[in-house]
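Residue-level structural notes
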Amino acid sequence: MAVMTDELGIRRGHALRAAVERGLIDEREPVVGLLDITGIEDSATALHAAFATPGVEITHTFAVKAASLVPVLALLGECGLGAEVASPGEMALARAAGIPADRIVLDSPAKTRAELREALTLGVAVNADNPQELERIDALRADAGSASPVGLRVNPQIGAGSIGAMSTATATSKFGVALRDPGAEEWVLRAYAGRPWMNRLHTHTGSQGVPLELMVAGVRAAYELAERINAAAGRRQVTVLDIGGGLPVNFDSDAVTPSYAEYADLLRAEVPGLFDGRYGLVTEFGRSMLAKNGTVLARVEYAKSAGGRPIAVTHAGAQVATRTVFVPDAWPLRVLALDAKGREKAGEPVVQDVAGPCCFAGDLVAKGRPLPLLESGDHVALLDTGAYYFSNHFAYNSLPRPAVLGYTALPDGTVEFTPVRTAQSEAELIAESGGGLPPLRRASR
Ligand SMILES: *Cc1c(COP(=O)(O)O)cnc(C)c1O
């Protein structure tokens with residue numbers, strides 16, 4: 001692992017320099033997202049290797065919300081992954097990327113009838129969130145028939161990790177059937193008994209901030225429930241366990257920790273029945289696949305000072321680093337200070353703020369951070385931003401979605417860029433903001 005992570009930093013350094021040298025970031029496009037194609041492939045390889053078990057059929061899906069970029073989904077598809085989708089838009093992206101229906105899982109908590117009908121018609125797997133949704137599925141299946149595997153999402157209510165908003169297995173989480181509520185398990189057993197075609201069980205304990213032990217406890221609860229469902233049914237009714245995603249990412253260094261192997265090994269030790277061949281497995285990792293393979297590169301427009309605090313005003317703020325700006329304590333990012341040529345700056349660290357371009361005071365990606373003093377014309381790199389950052393744009397101030405470039409970087413410094421997404425144009429911005437529609441008329445009264 002260590003070797004791989006060193007290489008990650010070296011490739012990133014080559015790519016940052018090359019992007020600046022080749023003018024891929026300039027006045028017109030002062031912020032850009034970069035994705036390490038080799039790193040993404042390495043993530044996929046590590047995932048497959050960690051879980052591979054003779055006699056166990058495993059479908060690894062990628063949680064589309066973590067990086068909703070069609071070429072990335074297509075690359076992951078080529079690496080053997082499927083897609084976990086949670087909206088009609090994500091379903092459309094997965095299909096546009098050529099992900100086959102039998103490798104797509106639909107998981108949203110608010111699926112409409114139309115969404116369910118589409119999924120059931122395509123043969124996409126559906127995890128029902130609640131009893132009302134399951135009744136809709138009953139009716140739709142009766143109408144049209146369907147080859148879709150259907151499961152139920154359960155919330156083992158085992159508690160929160162360190163970030164409340166990311167914790168889905170709390171007592172009052174909005175997701176899934178709350179298993180420890182009075183009568184819930186009896187209802188689950190009846191639900192399966194009355195639906196012999198329901199053959200999956202799903203849980204996802206949370207994202208970032210949930211320790212491995214808690215994730216394992218969530219999976220164990222789902223596994224044990226599947227055993228009880230099957231015992232009650234007198235046959236192997238539940239044949240596939242969907243264990244969700246949620247592997248946390250280390251935002252402090254380039255080290256990939258915890259690794260997929262650590263998580264899979266812990267699962268093997270703590271829930272051995274998961275791997276004995278009686279169940280197929282589905283996983284839904286997002287952040288851990290992409291985070292360390294992405295970097296935001298932005299120009300420093302101005303360097304100023306206020307109240308004795310140096311402030312670098314850059315083009316990377318809340319529009320690309322939304323969570324970091326709004327919830328900075330939960331989502332701190334490493335920031336690299338780069339010079340005008342995209343090389344890491346040397347120099348004594350100076351405590352400074354790194355600000356974004358948005359018009360509100362809190363638009364800072366780093367506050368009071370010791371870094372070589374940034375100057376106008378320099379650059380900054382926000383590290384580990386491949387998941388849930390530049391791929392989840394926030395349209396504040398009508399700042400355009402930045403371009404995203406994939407890169408490969410060889411040890412000799414040869415870098416090749418491939419477009420993943422073009423920057424949003426002014427015309428697109430205007431159209432998306434109602435441009436072209438007639439002006440509102442004054443109301444007559
Ligand atoms: C968000 C989500 C995931 C992915 O979580 P990561 O922390 O990005 O791995 C997987 N499954 C479900 C149901 C989710 O909501």
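Residues numbered from 1 in each chain as written. Predicted model: local features only at pLDDT ≥ 70, side-chain atom pairs only at ≥ 80, totals over all residues. Heavy atoms only, no water.

We apply this condition: UniProt positions are given in the numbering used here, feature names are shortened, and annotations may be inferred rather than shown by experiment.
The protein chain is annotated in an unreviewed UniProt entry as Diaminopimelate decarboxylase of Actinacidiphila rubida. Heading Cofactor (unreviewed entry) of the UniProt record for the protein chain holds this comment: "pyridoxal 5'-phosphate". Database annotation for the protein chain, UniProt heading Sequence similarities (unreviewed entry): "Belongs to the Orn/Lys/Arg decarboxylase class-II family."

Focus: the site of the ligand
Operational definition: By convention in this text, a residue qualifies as near a molecule or strand provided that one of its non-hydrogen atoms is within 4 Å of it. Within 3.5 Å is the distance limit for a polar contact, defined as a pair of N or O atoms, with the added protein rule that one can donate a hydrogen and the other accept it, and that residues adjacent in sequence qualify only through two side-chain atoms. Put simply, Ala, Val, Leu, Ile, Met, Phe, Trp, Tyr, Cys and Pro go in the nonpolar bin, Asp, Glu, Lys and Arg in the charged bin, and everything else, Gly too, in the polar bin.
Lining the immediate environment of the ligand, one finds 15 residues, of which K65, G246, E284, R287 and Y388 sit closest. Contacts to the ligand include G286, whose backbone N or O atom sits 2.9 Å from an oxygen atom. Classifying every residue of the shell around the ligand by side-chain character gives three nonpolar, six polar and six charged.

Structural notes on the packing of aromatic side chains
The condition that has to hold: Only Phe, Tyr and Trp rings are paired, with Trp represented by its six-membered ring, and only when their centres lie within 6.5 Å; those with planes under 30 degrees apart are stacked, over 60 edge-to-face, the remainder tilted. Counting from the N terminus, the helices are the DSSP runs of H or I reaching at least four residues and the strands are the DSSP runs of E reaching at least two. Note on exposure labels: buried denotes an accessible area under 20% of the residue type's maximum, exposed denotes more than 50%, and partly exposed covers the range between, all computed with a 1.4 Å probe on protein chains only.
All told, the structure shown has 11 aromatic pairs when counted by the stated rule. Taking 6.1 Å as the distance between ring centres and 45 degrees as the angle between the ring planes, the aromatic pair formed by F51 and F285 counts as tilted. In this pair, F51 is assigned in helix 2 (residues 37-51) and F285 in strand 10 (residues 280-285), connecting sequence segments 234 residues apart. F285 carries the same exposure label as F51, and that label is buried. On the numbers, 5.0 Å between centres and 65 degrees between planes, the contact of Y260 with F285 is edge-to-face. Taken together, the positions of Y260 in helix 9 (residues 260-270) and F285 in strand 10 put the pair 25 residues apart, joining distant regions of the chain. Judged by its relative accessible area of 5%, Y260 falls in the buried class. A relative accessible area of 0% means that F285 is categorised as buried.

Structural notes on the domain arrangement of the protein chain
So the rule is basically this: Note that the domain bounds were set by an automatic or database domain assignment. Here the quantity called buried area is the total loss of accessible area, with a 1.4 Å probe, experienced by two parts when brought into contact, counted for both. Salt bridges, as used here, are contacts in which a Lys or Arg side-chain nitrogen is within 4 Å of a carboxyl oxygen on Asp or Glu.
Examined at the domain level, the protein chain breaks down into domain 1 (52-285) and domain 2 (292-430). Computed from C-alpha atoms alone, the centre-to-centre distance between domain 1 and domain 2 is 34 Å. Between domain 1 and domain 2 the total buried area reaches about 1,400 Å² when both faces are included, carbon and sulfur atoms providing 64% of it. In terms of surface lost to domain 2, no three residues of domain 1 exceed A66, L69 and F251, which account for 41% of the buried area on that side. Connecting domain 1 to domain 2 are one salt bridge. A class-by-class count of the residues in the side of domain 1 that touches domain 2 yields 11 nonpolar, four polar and three charged.

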